[in-house]
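This is what each chain is made of:
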Amino acid sequence: MVPLPRVAVQHLNPRHREDIARHLLRLPEEDRRLRFGRHMRDDMIREYVDGINFERDRVFGVQDADLNLIGFAHLALDPATRVAELGVSVDPSARGKGYGFALLERVVLHATNLGYRVLFMYCLAENGIMMHLARKAGLTVVVEAGEADARLTLDRVTPGGVFQEAMADQFALVDCMLKQQYLWLARPGLESVSSSTRKPETADERRRTASAAETLQGEVPQRA
Ligand SMILES: CC(C)(COP(=O)(O)OP(=O)(O)OC[C@H]1O[C@@H](n2cnc3c(N)ncnc32)[C@H](O)[C@@H]1OP(=O)(O)O)[C@@H](O)C(=O)NCCC(=O)NCCS
């Protein structure tokens, strides 16, 4: 039986650029160094975010109850060389809750399903947390270029991986819609009205509800 994910990991799309930037800008200097391998000023982070190629790459995120992005993973793909590169980060205030591991597992599942077998990640040998997570995810870590780059071998082909991914996406979609509904219901000034007096939903409200799934999932589920 396919295990259900414990953390909802969303596909992100270009409409999330600002959320991604806000998350990365919250990382302190040392975390930026661990994530990017170099000093990253705010303008460099904005430049990096503007340059994310959402068509070629895959971008994932974890959101809190208010739909703020608190975890982010960027899987940069090179279809020509079949090389994938991963960068992952979690807000300092949200660490130790399994979000980093959930992002890593989601990325590994996706890359494996796409047929990639090796994943590169900038990872200092001193980054014990990331090393621990990689090994926990069943990846073989080969530290290269001195201490800087970890090569993760995706030698763990999961039977039913595509189905597992579809389940993860459905789970993420439901999670997003529930959070969106909760936020909508918790809006200040929202009064309980009987169905007879309730005004019909405006086109704008309908659009907002529908776009919640689209915005966070990257695509609207198609009717058969
Ligand atoms: C690496 C990072 C993404 C982890 O995020 P997270 O949400 O805290 O990760 P999780 O909660 O899933 O797991 C943390 C694990 O590290 C373990 N850990 C904590 N401190 C540790 C340490 N000093 N050494 C080894 N493991 C440690 C925890 O016990 C936990 O493992 P467990 O669940 O098996 O008990 C986050 O620390 C981060 O954003 N760091 C800065 C950027 C970075 O280093 N990115 C990686 C390189 S691209």
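Below, the structure is looked at part by part.

### Focus on the overall build of the chain
Moving on, step 1. The number of helices and strands found in the chain is seven helices and seven strands.
Moving on, step 2. Here the chain holds 224 residues, and 28% of them are scored as buried.
Moving on, step 3. Nonlocal contacts in the chain, meaning residues at least 24 apart in sequence, comprise 68% of its contacts between residues at least 6 apart.

### Details of the pairing of strand β2 (residues 58–63)
Moving on, step 1. Most of β2 is tucked away, with six of its six residues classed as buried.
Moving on, step 2. For strand β1 (residues 10–11) and β2, the ladder comprises two bridges, and the chain directions are antiparallel. Across the sheet, residue H11 finds its bridge partner in β2, namely F60.
Moving on, step 3. Two elements, β2 and strand β3 (residues 69–78), share six bridges in a ladder whose sense is antiparallel. The residue of β3 that forms the bridge with V59 is H74.
Moving on, step 4. Between the end of β2 and the start of β3, which pair antiparallel, lie five residues, with L67 showing a positive phi angle near 65°.

### Description of the environment of A76
Moving on, step 1. For A76, the position within the fold is in strand β3.
Moving on, step 2. By the C-beta count within 10 Å, which is 16 here, A76 ends up partly exposed.
Moving on, step 3. For A76, the contacting residues outside a window of four places in its chain are D57, A84 and E85.

### Section: unusual backbone geometry
Moving on, step 1. Positive phi values are uncommon outside glycine, yet L67 reaches one of about 65°.
Moving on, step 2. Structurally, the position occupied by L67 is in the loop between β2 and β3.

### Points about the site of the ligand
Moving on, step 1. L34, R95, G100, F101 and G128 are the nearest of the 24 residues found near the ligand.
Moving on, step 2. With six residues, helix α5 (residues 128–136) is the largest single contributor of residues to the shell around the ligand.
Moving on, step 3. Residues of the shell around the ligand, tallied by class, amount to eleven nonpolar, eight polar and five charged.

### Digging into the packing of helix α1 (residues 17–26) against helix α3 (residues 42–50)
Moving on, step 1. Closest axis-to-axis distance for the α1/α3 pair is 10 Å, and the angle between their directions is 150°. Read as a crossing pair, α1 and α3 show a hand that is right-handed. Residue-level inspection shows R17, I20, A21, L24 and L25 of α1 in contact with α3, the latter providing D42, I45, R46 and V49.
Moving on, step 2. When the residues that make up the contact of α1 with α3 are grouped by side-chain class, the tally is six nonpolar, no polar and three charged.

### So, the nonpolar core
Moving on, step 1. Of all hydrophobic cores here, the largest spans 42 residues; its most connected members are V9, A73, L86, L103 and V107.
Moving on, step 2. Per-element tally for this core: the top contributor is helix α4 (residues 99–113), with eight residues.

### A word on α4
Owing to its 3.6 residues per turn, the α-helix brings residues three or four apart onto one side.
Moving on, step 1. Taking 1.5 Å of rise per residue, 15 residues should cover 21 Å, and α4 covers 21 Å from first to last C-alpha, within 8% of that figure.
Moving on, step 2. Just downstream of α4 lies G115, where phi reads positive at about 95°.

### Here we look at helix α6 (residues 161–185)
Moving on, step 1. Counted at 1.5 Å a residue, the expected span for α6 with its 25 residues is 36 Å, and the 36 Å between its end C-alpha atoms agrees.
Moving on, step 2. Along α6, the residues that are buried comprise A168, D169, A172, L173 and C176.

### Describing the environment of D50
Moving on, step 1. With respect to the secondary-structure elements, D50 resides in helix α3.
Moving on, step 2. Among the residues examined, D50 registers 9 C-beta atoms within 10 Å and is labelled exposed.
Moving on, step 3. Along the sequence, D50 and I20 sit 30 residues apart, while their C-alpha atoms lie 9.9 Å from each other.

### Observations concerning the pairing of β3
Moving on, step 1. Burial of β3 is extensive: seven of the ten residues sit out of reach of the surface.
Moving on, step 2. Pairing geometry for β3 and strand β4 (residues 83–90), over eight bridges, is antiparallel. Bridging from a neighbouring strand, G71 pairs with V90 of β4.
Moving on, step 3. What sits between the antiparallel neighbours β3 and β4 is a turn of four residues, in which R82 has the positive phi angle 60°.

The rules we used
- Once a new chain begins, its residue numbering starts again from 1 and follows that chain's sequence as written.
- Where totals are concerned, whole chains, interfaces and linings use all residues; where local detail is concerned, this predicted model gives features only for residues with pLDDT of at least 70, and gives and counts side-chain atom pairs only at 80 or more.
- Secondary structure elements follow DSSP: runs of H or I no shorter than four residues count as helices, runs of E no shorter than two count as strands, and numbering proceeds from the N terminus.
- Here a residue counts as buried when 20 or more other C-beta atoms fall within 10 Å of its C-beta, as exposed when 12 or fewer do, and as partly exposed in between; the C-beta atoms come from the backbone.
- Contact between residues is assigned whenever the C-beta positions, reconstructed from backbone atoms, fall within 7 Å.
- Pairing between strands is defined by DSSP: at least two bridges between the two strands are required.
- A molecule or strand has a residue near it when that residue's C-beta atom, placed from backbone coordinates, lies within 6 Å of it.
- Under the convention adopted here, Pro, Cys and the residues Ala, Val, Leu, Ile, Met, Phe, Trp and Tyr are nonpolar, Asp, Glu, Lys and Arg are charged, and Gly plus all remaining residues are polar.
- The angle between two axes is taken between their N-to-C directions and runs from 0 to 180 degrees, where each axis is a line fitted to C-alpha atoms and a helix contributes only its stretch in contact.
- Note: crossing handedness is left-handed where the near helix turns anticlockwise from the far helix by less than a right angle, and right-handed where it turns clockwise.
- Here, a nonpolar core denotes buried Ala, Val, Leu, Ile, Met, Phe, Trp, Tyr and Cys residues that are linked to one another through C-beta atoms within 7 Å.
- Take the number of residues in a helix, subtract one, and multiply by 1.5 Å to get its expected span.

Read these as geometric descriptors, not functional statements.
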